[in-house]
Amino acid sequence: MIALLLIVMFVFLLLNFPMVIPMIAAPLAVMIFYMPDYLNISIATQQLIGGVSAQVLLAVPMFILAADIMCAGYTTKRLLDFVQTFVGHIRGGMAITTAITCTIFGAISGSTQATVVAIGKPMRGRLMQLGYSDSASSGLIIDSAIIALLIPPSISMIMYAVVTGSSVGDLFIAGVGPGLLILLFFAVYSYFYARKKKMPCLPKASWHDRGIAFRKAIPPLGFPVIIFAGIYSGFFSPTEASAVAVAYAIILEMFVYKTIKPKDLKKISLSSAVVTCAVFILVSGGQLFSWVISYAKIPTMLTNALLGTSPSALKILVMVTIFFFIGCMFVDSLVVIIILSPIFYPIAVAAGIDPIHLGIIITLQAAIGSVSPPFGCNIFTACAIFNRPYLDIVRGIPPYLIMLVGVTIIVILCPQLSLFML
């Protein structure tokens, strides 16, 4: 049964079909050959529809739309200028500015690729003007962008919550600690890298200039404050927060900055709709896939074979880390979360692992996978927007991957880093 599932998936992938086709074809093949009594088109249809029926999924198109609206306006430049006035003068300040701004923008977009596009375009030129190499600049940008998956709102966390039934709000809050730890690692590395390479520093900004930059940045900074404070205080749910995010983005860019006209909203909305459809089709196919492997007891067979009957919590977390890291290196992280989470979630909970802690580790591996060769999505996004060869982009990644592995170890061994605010 497992062999048939894998063979069908790999055949369709080798034939260059979109990922959703093997995700639907493989479980259907298993139903035909191993579950003929359940070979009913209505059952498959019910599972496909059920995959996108969760109310929390309403937050996904809203957060995508809010991010697209912000990317089309002046939000990015105002955030960059604000952060640069405070840290640009210290050694490695421009690199630290990049990491901090990616973190802040991640709290707006929830998407690593949107962060690469929004921050990468203006910051790559600034970094190279100071003497950073092409690969060093690109590596910093695409790796800093992954903090977007850990700082709320995170689409990967929403997917994990849909698959496992965990609380989206708790996941959002739990991701802040690990996200800030990654930022700290990157900032310290940037400082010592700049000292070693003798990178020049920018002139120190006056408090007057900082005040001006801060006033200009107050509206964009209000975005993550509203989302995080609203969810943390219980004033609104994550789904309601997504609607607030869209309203805030429209007010900010259309009426305050006046960078977007009403006619531009149609184009932006259509672009967001295309991305949303791609995500929802994957989620729908993933539901059918998960239902088939669960009914066939494949998760139980796999976990018993790999972990034994009474695995320790540490062994489970290490196995989760390895599987998700490798999976996200080759396949879109949402697909990996949808397929693998139902396999590891029950046994992890049975071993006493907090579902929120497990979700943060899975999200962290999804983030790392997005910048890991050979098929990390951020790598190809950077190749496209920077117009650089693949090898030039990946050359600057290894130092950050080492730091991310270190953060993973810390998060596994110190669950309170994720859970202290819950």
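Preceding this paragraph is the structure being described.
As a starting point, this report considers the structure included with it. (Residues numbered from 1 in each chain as written. Predicted model: local features only at pLDDT ≥ 70, side-chain atom pairs only at ≥ 80, totals over all residues. Heavy atoms only, no water.)

## Re the pattern of salt bridges
As enumerated under the stated definition, the model contains five salt bridges in all. Residue R124 is joined to D134 by a salt bridge in which the shortest nitrogen-to-oxygen separation is 2.9 Å. Of this pair, R124 sits in helix α7 (residues 112-129) while D134 sits in helix α8 (residues 134-144), and the two are ten residues apart along the sequence. Here R388 ties to D392 by a salt bridge, and the two come within 2.8 Å at their closest N and O atoms. The class for D392 is buried, based on a relative accessible area of 17%. (Salt bridge = Lys/Arg side-chain N within 4 Å of Asp/Glu carboxyl O. Helix = DSSP H or I, 4+ residues; strand = E, 2+ residues; numbered from the N terminus. Buried < 20%, exposed > 50% of the residue type's maximum accessible area, 1.4 Å probe, protein only.)

## Some thoughts on the side chain of S190
For S190, the location among the structural elements is in helix α11 (residues 176-197). Only 2.8 Å separates the side chain of S190 from the backbone oxygen of F186, close enough to count as a polar contact. Here S190 is in contact with G92, A95, I96 and L140, once residues within four sequence places are set aside. (Polar contact = N/O pair within 3.5 Å; in protein donor to acceptor, adjacent residues only side chain to side chain. Contact = heavy atoms within 4.5 Å.)

## Section: the packing of aromatic side chains
A ring pair, where both rings are aromatic, is described by two values, the distance of the centres and the angle of the planes. Considering all chains together, one arrives at eleven aromatic pairs under this definition. With a centroid separation of 6.0 Å and 20° between ring planes, the pair formed by Y132 and Y193 is classed as stacked. Placement of Y132 in the loop between α7 and α8 and of Y193 in helix α11 is noted, with a sequence separation of 61 residues between them. Considered together, Y132 and Y193 belong to a single accessibility category, that of buried residues. Summarising the aromatic geometry, the rings of Y160 and Y345 are spaced 6.5 Å apart at their centres and angled 70° between planes, so their arrangement reads as edge-to-face. Placement of the pair is Y160 in helix α9 (residues 155-164) and Y345 in helix α17 (residues 333-350), with a sequence separation of 185 residues. Judged by relative accessible area, which is 1%, Y160 ranks as buried. Of the aromatic side chains, those joined through ring pairs into one cluster are Y132, F186, Y189, Y193 and Y400. Lying across the ring of W207, R210 places its NZ or CZ 4.5 Å from the centre. (Phe/Tyr/Trp six-rings, centres within 6.5 Å; stacked < 30°, edge-to-face > 60°. Lys NZ or Arg CZ within 6 Å of the ring centre and 35° of its normal.)

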